[in-house]
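# Tertiary structure, described
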Amino acid sequence: MQIKTILNRIQKFKSFVYGAVRLVEGAPVPTLEVEIQPRSNSRPVCSGCGHKRPGYDRSPERLFEFIPMWGHKVFFRYAPRRVDCPGCGVRVERMPWVSGKHRLTEAYAWFLAGWAKRLSWKEVAEAFRTTWDHVFCSVERAVIWGREHQDLSGVKAIGVDEIAWQRGHRYLTLVYQIDSHCKRLLWVGEKRTVKTLLRFFRWFGKERSQSLNFVCSDMWKPYLKVIARKADQAIHILDRFHIMAHLSKAIDEVRAGEAKELKQKGYEPILTKTRWLLLKRPENLTETQDTKLSELLQYNLRSMRSYLLKEEFQLFWSYTSPYWAGQFLDKWCTKTMRSKIEPMKKVARMLRRHRPLLLNWFRAKKQFSSGIVEGFNTKAKLTTRKAYGFRTYRAAEIALYHALGALPVPKTTHVFF
Ligand SMILES: [Zn+2]
């Protein structure tokens, strides 16, 4: 059997034929070259307008990289024809295996992009002996195609989230679809300002925004403002995951301050290495951690009182009636305001301010578990961390869409996997 028989099976072009396949002598990496010829009597297609046009001349031969095979790099070798187009002038013809001025064939780009879902971009480049830039470029092409072809109908619930990006306080705003039938990343934007989220709604379109039923978000003011303006018909839910994150942050602050204070006063350093102990749910603690926790609870520490307040707050989520949940919330806030622990009081004040939105969680009948946004948040952080070294916003954006966007791919690409 000949190699071109396989090629014809996986990718046959109507107006072109595969010619001789040869091994390139003396190449640094084992390399195969596959000649391509236009089918006789076929007329070239203008790359400008897509119409068949008379031929003008032929450009020098070019190489287009195809999917490597058995440790060999594979190239198509073809001398593109130029057409004489009445509309576009003298133009190079359209070649079905490549788009634009790319050097990688469509097939190879989709192949690399497919692997980039399973491995980091660096690993893909290494595995297929190509460059990081080629992998990036392939993923970018896949994302652009996928976003042009994705179906945005029927989006009823969205979640707005933010992640810190790079060092310092740089943020990305992420908007997810969190419907039970479809969960995916819809949009990424730089920063977390009013303008950022306004850009999402502009992209998403007025009609779709107006038919949203639920919007989930953090208590971040710019988000609240924009959501109230652009999707006022939707039930706005403050996400459980974000609220618990505020409490964890407060505990962290209390613990750090108190540990420092104890040290200065010359007490035993009982709070060292207790950070995770106080942030984890009790049911997730190991036995040793459990013992340590019981020990700590004997001291009247601010950290421990904060911890108990947070654990008590977990009860809030178990209510079914918005009314009784509200009663619980009020009691909890009063108690916390009396605790004299400033970081905790800050959270209580914030919760009081957003009481109606908080209770929307129960009005939405808890159909959105904190798990959805939290799960996406974890994956997004992992993706940007893997993307460490990209440094540019564009690369982070592309990586996030590729990993979390559930973007469609052309049917034909499946044969390469
Ligand atoms: Zn043309």
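Residues numbered from 1 in each chain as written. Predicted model: local features only at pLDDT ≥ 70, side-chain atom pairs only at ≥ 80, totals over all residues. Heavy atoms only, no water.

Further remarks concern the overall build of the chain. A count of helices and strands for the chain gives 16 helices and twelve strands. Against the 2.2 N^0.38 benchmark of 22 Å for 417 residues, the chain shows a C-alpha radius of gyration of 29 Å, more extended than a compact globule. Counting only C-alpha atoms and orienting by the principal axes, one finds that the chain spans roughly 90 × 50 × 35 Å. When each of the 417 residues of the chain is scored for burial, the buried share is 47%. Carbon and sulfur atoms form 53% of the exposed surface of the chain, whose accessible area is close to 22,600 Å². The distance from the centre of the 75 positive side-chain charges to the centre of the 38 negative ones in the chain is 4 Å. (Helix = DSSP H or I, 4+ residues; strand = E, 2+ residues; numbered from the N terminus. Rg over C-alpha atoms; globule rule 2.2 N^0.38 Å. Buried < 20%, exposed > 50% of the residue type's maximum accessible area, 1.4 Å probe, protein only. Areas by Shrake-Rupley, 256 points an atom, 1.4 Å probe, with all protein chains shown as cover. Lys, Arg positive; Asp, Glu negative; His and termini not counted. Charge placed at Lys NZ, Arg CZ, Asp CG, Glu CD.)

A word on the coordination of the zinc ion. Bound to the zinc ion on the protein side are Cys 46 (SG), Cys 49 (SG), Cys 85 (SG) and Cys 88 (SG), at distances that span 2.3 Å. In this structure, the zinc ion is surrounded by four donor atoms whose angles at the metal cover 104 to 117°, and the resulting shape is tetrahedral. All donors of the zinc ion come from a single chain, and their spacing in sequence reads C-x2-C-x35-C-x2-C. Taken together, the residues span a long stretch of sequence, with Cys 46 in the loop between strand S2 (31-38) and strand S3 (55-58) and Cys 88 in the loop between strand S6 (81-85) and strand S7 (89-92) at a distance of 42 residues. (Donors = N, O, S within 2.8 Å, 3.2 Å for Na, K, Ca; no water. Tetrahedral: all angles 85-135°; square planar, octahedral: opposite > 155°, others 65-115°.)

This part is about the sheet that holds S2. Spatially, four strands are ordered S1-S2-S5-S4 in an open sheet, and the strand pairing comes out mixed. Edge positions in the sheet fall to strand S1 (16-23) and strand S4 (62-69), since each has one partner strand and no second. Here the average twist between neighbouring strands, direction ignored, is 25°. Strand direction decides the pairing type here: S4 and strand S5 (residues 72-78), joined by six bridges, are antiparallel. By the bridge assignment for S5, Arg 62 is matched with Tyr 78. Taken strand by strand, helix H1 (residues 3-10) contacts S1, S2, S4 and S5, and its axis lies near 140° from that of S1. (Pairing = 2+ DSSP bridges. Axes fitted to C-alpha atoms, helices over the stretch in contact; angles between N-to-C directions. Contact = heavy atoms within 4.5 Å.)

Time to look at a nonpolar patch on the surface. Among the surface-exposed residues, Met 1, Ile 6 and Ile 10 lie close enough to one another that they form a single nonpolar patch of about 310 Å² accessible area. On the secondary structure map, Met 1 appears in the segment before H1. In this structure Met 1 comes out as exposed when scored by relative accessible area, which is 82%. (Patch = residues over 30% accessible without salt bridge, like charges linked within 9 Å, V, L, I, M, F, W, Y side chains within 5 Å. Salt bridge = Lys/Arg side-chain N within 4 Å of Asp/Glu carboxyl O.)

What follows covers helix H7 (residues 221-230). What H7 keeps buried is the set Pro 222, Tyr 223, Leu 224, Val 226 and Ile 227. Where H7 is buried, its residues touch strand S8 (157-165), strand S9 (170-179), helix H5 (194-204), strand S11 (214-217), strand S12 (235-238) and helix H14 (355-363).

Two elements in contact, helix H12 (residues 322-337) and helix H13 (residues 342-353), have axes separated by 9 Å at closest approach and are oriented at 150°. With respect to their mutual orientation, H12 and H13 come out roughly antiparallel. Our pair here, H12 against H13, has a crossing hand that is left-handed. The segment H12 lies against H13, with Leu 329, Trp 332, Cys 333, Thr 334, Thr 336 and Met 337 engaging Met 344, Lys 345, Ala 348, Arg 349, Leu 351 and Arg 352. (Parallel < 35°, antiparallel > 145°, perpendicular 65-115°, else oblique. Left-handed = near helix turned anticlockwise from the far one by under 90°.)

The next subject is the packing of aromatic side chains. All told, the structure shown has 31 aromatic pairs when counted by the stated rule. Relative to Trp 97, the ring of Phe 64 has its centre 5.9 Å away and its plane inclined at 75°; by these criteria the two rings are edge-to-face. In this pair, Phe 64 is assigned in strand S4 and Trp 97 in the loop between S7 and helix H2 (106-115), connecting sequence segments 33 residues apart. Using a relative accessible area of 0% as the deciding quantity, one classes Phe 64 as buried. Here the aromatic rings of Phe 316 and Trp 317 are separated by 5.0 Å at their centres, their planes lie at 70°, and the arrangement is edge-to-face. Across the pair, exposure class does not vary: Phe 316 and Trp 317 are buried alike. What links up through ring pairs into an aromatic cluster is the set Phe 13, Phe 16, Tyr 18, Phe 64, Phe 66, Phe 76, Tyr 78 and Trp 97. (Phe/Tyr/Trp six-rings, centres within 6.5 Å; stacked < 30°, edge-to-face > 60°.)

What follows is about the environment of Gly 405. Within the secondary structure, Gly 405 sits in the segment after helix H16 (393-404). Residue Gly 405 is classed as buried on the basis of its relative accessible area of 0%. With residues up to four places along the chain from it excluded, the contact list for Gly 405 reads Arg 184, Leu 185 and Leu 400.

Let us now look at the nonpolar core. Core analysis: the largest hydrophobic core is formed by 120 residues, its most contacted members being Phe 76, Trp 97, Phe 313, Phe 316, Trp 332 and Leu 351. Residues in contact with Phe 316, not counting those within four places in the same chain, are Ala 325, Phe 328, Leu 329, Leu 358, Leu 359 and Phe 362. (Core = buried A, V, L, I, M, F, W, Y, C linked by side-chain atoms within 4.5 Å.)

Here we take up the sheet that holds strand S10 (residues 182-190). Taken in spatial order, the five strands line up as S10-S9-S8-S11-S12 in an open sheet, and their pairing is mixed. A strand with exactly one partner marks an edge of an open sheet, and here the two such strands are S10 and S12. When strand polarity is set aside, the average angle formed by the axes of neighbouring strands in this sheet is 25°. In this structure, S8 lies alongside S11, joined through three bridges in parallel fashion. The residue bridging Ile 158 from the neighbouring strand is Val 215, located in S11. The strands touched by H7 are S8, S9, S11 and S12; relative to S8, the strand with the most contacts, the crossing angle is about 155°. Against the sheet, H16 touches S8, S9 and S10, its axis set at about 175° to S10.

The next subject is the side chain of Ser 138. Position of Ser 138 among the secondary structure elements: in helix H4 (residues 132-149). Among residues more than four places away in sequence, those in contact with Ser 138 are Leu 104, Ala 109, Leu 112 and Ala 113.

So, on to the pairing of S9. In terms of burial, S9 is a largely internal element, nine of the ten residues being buried. Across eight bridges, S8 lies against S9 in antiparallel orientation. From the neighbouring strand, Ile 163 faces S9, where its bridge partner is Leu 172. Pairing of S9 with S10, which is carried by eight bridges, proceeds in the antiparallel orientation.

Just geometry here; none of it tells us what the structure is for.
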